Amino acid sequence: MEHKNNSEDTGVLYICPTPIGNLEDITLRVLRVLKKVDLVACEDTRRTGQLLNYYQIQKRMISYHEHNEVTRTDELISFLESGLDIALVSDAGTPGIADPGFVVVRAALKYGIRVTALPGPCAAISALVMSGLPTDRFLFYGFLPRKATKRVAEIERLRGNDGTLVFYEAPHRIIPCLADLLRVLGPRPAALIRELTKMHEQMWTGTLEELLDRATDCPPKGEIVLLVQGAKEEETMSNHDVVKLVRELMELGLDKKTAITVTAKQTNLPKKDVYDQVVELPPY
Ligand code: SAM
């Protein structure tokens, strides 16, 4: 299906990013679109009402949040099909990024409705580009699970990813989250960025170990983005590569136990992980 960008279109869904802390961070185009649409779909009508008020925009609002997004989507689709233009906003930043948006966008595309995204604030992107960590590849994860066992399992799953890992985190969970990241990923370079675009914007850089020490001494408050450098080449080794390395070391005369120890060191993998992969190999 082709989706054309024609400024004459009606019945368009505009995804509109809004400030993440500084009211000046809204584009002229977002303001123009907010003025011209028929309806603003927002997470919290009170909060968006304040934003619209600040810019002296009076507009009909309709709530669209995580608890009603499925039911509200049908309603929004019928408005769009009848030719009304809708601006989709969230409480802050880019709708659809750790915020509602995905369900209505998917439905709109399914019904052949034009969807367009206006550029604007997103905490993950600002944090990434100021962190000093590699920006060529990154994985936006959003919020890690609250339960420790699930969180550790998710971090394990991310261990081999070679892109910078970007997490959103609440201040009261930042210490257990840093501790689990350190335990699974080791002392990788990382950055903790809080209160972006606000008066108390602050960035800490260092290894996960250093960030954990600092956060323990002085727990960070406010809104936080946490970034961790991706895996090094050795850490992204496939199971096949690990088995091959152990085999090669054994061919050089090392016994299996020593070959496992050396492979674990070289690949930064826990010895048990290497052992699990070569359990079938003979001891010599
Ligand atoms: N849609 C938003 C975006 O585009 O960034 C994210 C919304 S999500 C519900 C809220 C989380 O985003 C916060 O808990 C925090 O992790 C991150 N965040 C939002 N604003 C931030 C800011 N000004 N500074 C640091 N992190 C922020």
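Reading the values: rules and limits
Residues numbered from 1 in each chain as written. Predicted model: local features only at pLDDT ≥ 70, side-chain atom pairs only at ≥ 80, totals over all residues. Heavy atoms only, no water. Salt bridge = Lys/Arg side-chain N within 4 Å of Asp/Glu carboxyl O. Helix = DSSP H or I, 4+ residues; strand = E, 2+ residues; numbered from the N terminus. Buried < 20%, exposed > 50% of the residue type's maximum accessible area, 1.4 Å probe, protein only. Domains from an automatic or database assignment. Contact = heavy atoms within 4.5 Å. Buried area = accessible area lost by both parts, 1.4 Å probe. Nonpolar A, V, L, I, M, F, W, Y, C, P; charged D, E, K, R; others polar. Near = heavy atom within 4 Å. Polar contact = N/O pair within 3.5 Å; in protein donor to acceptor, adjacent residues only side chain to side chain. Areas by Shrake-Rupley, 256 points an atom, 1.4 Å probe, with all protein chains shown as cover. Axes fitted to C-alpha atoms, helices over the stretch in contact; angles between N-to-C directions. Parallel < 35°, antiparallel > 145°, perpendicular 65-115°, else oblique. Left-handed = near helix turned anticlockwise from the far one by under 90°.

Let's shift gears to the pattern of salt bridges. In total, this model carries 12 salt bridges according to the counting rule given. Among the salt bridges present, the one from Arg151 reaches Asp180, with a minimum N-O distance of 2.8 Å. A residue pair is termed long-range when its members are at least 10 positions apart, and Arg151 in helix H6 (residues 148–158) and Asp180 in helix H7 (residues 174–185) qualify at 29 residues. Arg151 gets classed as buried once you look at its relative accessible area, which sits at 4%. Between Glu169 and Arg173 there is a salt bridge, and its shortest N-O distance comes to 3.3 Å. Relative accessible area serves as the criterion here: at 4%, Glu169 is assigned to the buried category.

This part takes up the domain arrangement of the protein. Taken domain by domain, the protein consists of domain 1 (12–121), domain 2 (124–228) and domain 3 (239–278). Taken over C-alpha atoms, the centre of domain 1 sits 29 Å from the centre of domain 2. Between domain 1 and domain 2, the residue contacts involve 6 residues of the former and 7 residues of the latter. At the boundary of domain 1 with domain 2, total buried surface from both sides reaches about 490 Å², with 66% on carbon and sulfur atoms. It is Ile20, Ile97 and Ala98 in domain 1 that bury the most area against domain 2; as a group they hold 71% of the surface buried on that side. Applying the counting rule to domain 1 against domain 2 returns 0 salt bridges. Here the side of domain 1 that touches domain 2 is built from residues that sort into 3 nonpolar, 2 polar and 1 charged.

Moving on: the site of the ligand. Contacts to the ligand come from 18 residues, most closely from Thr94, Ile97, Asp99, Tyr168 and Ile224. Take Tyr168: an N or O atom from its side chain is 2.7 Å from an oxygen atom of the ligand. For the ligand, a nitrogen atom lies 3.3 Å from a polar atom in the side chain of Glu223. When the ligand is considered free in solution it has 570 Å² of accessible area, and contact with the protein chains removes 90% of it. Within the residue set of the shell around the ligand, elements represented by two or more residues are strand S7 (164–169) and strand S10 (224–228). Of the residues belonging to the shell around the ligand, the class tally is 11 nonpolar, 2 polar and 5 charged.

Attention now goes to the packing of helix H10 (residues 256–267) against helix H11 (residues 271–278). It is at 9 Å that the axes of H10 and H11 come closest, and there the two elements cross at 125°. Between H10 and H11, the crossing angle belongs to the class labelled oblique. Crossing geometry of H10 relative to H11 is assigned as right-handed. Residue-level inspection shows Lys256, Ile260, Thr261, Thr263, Ala264 and Thr267 of H10 in contact with H11, the latter providing Lys271, Val274, Tyr275 and Val278.

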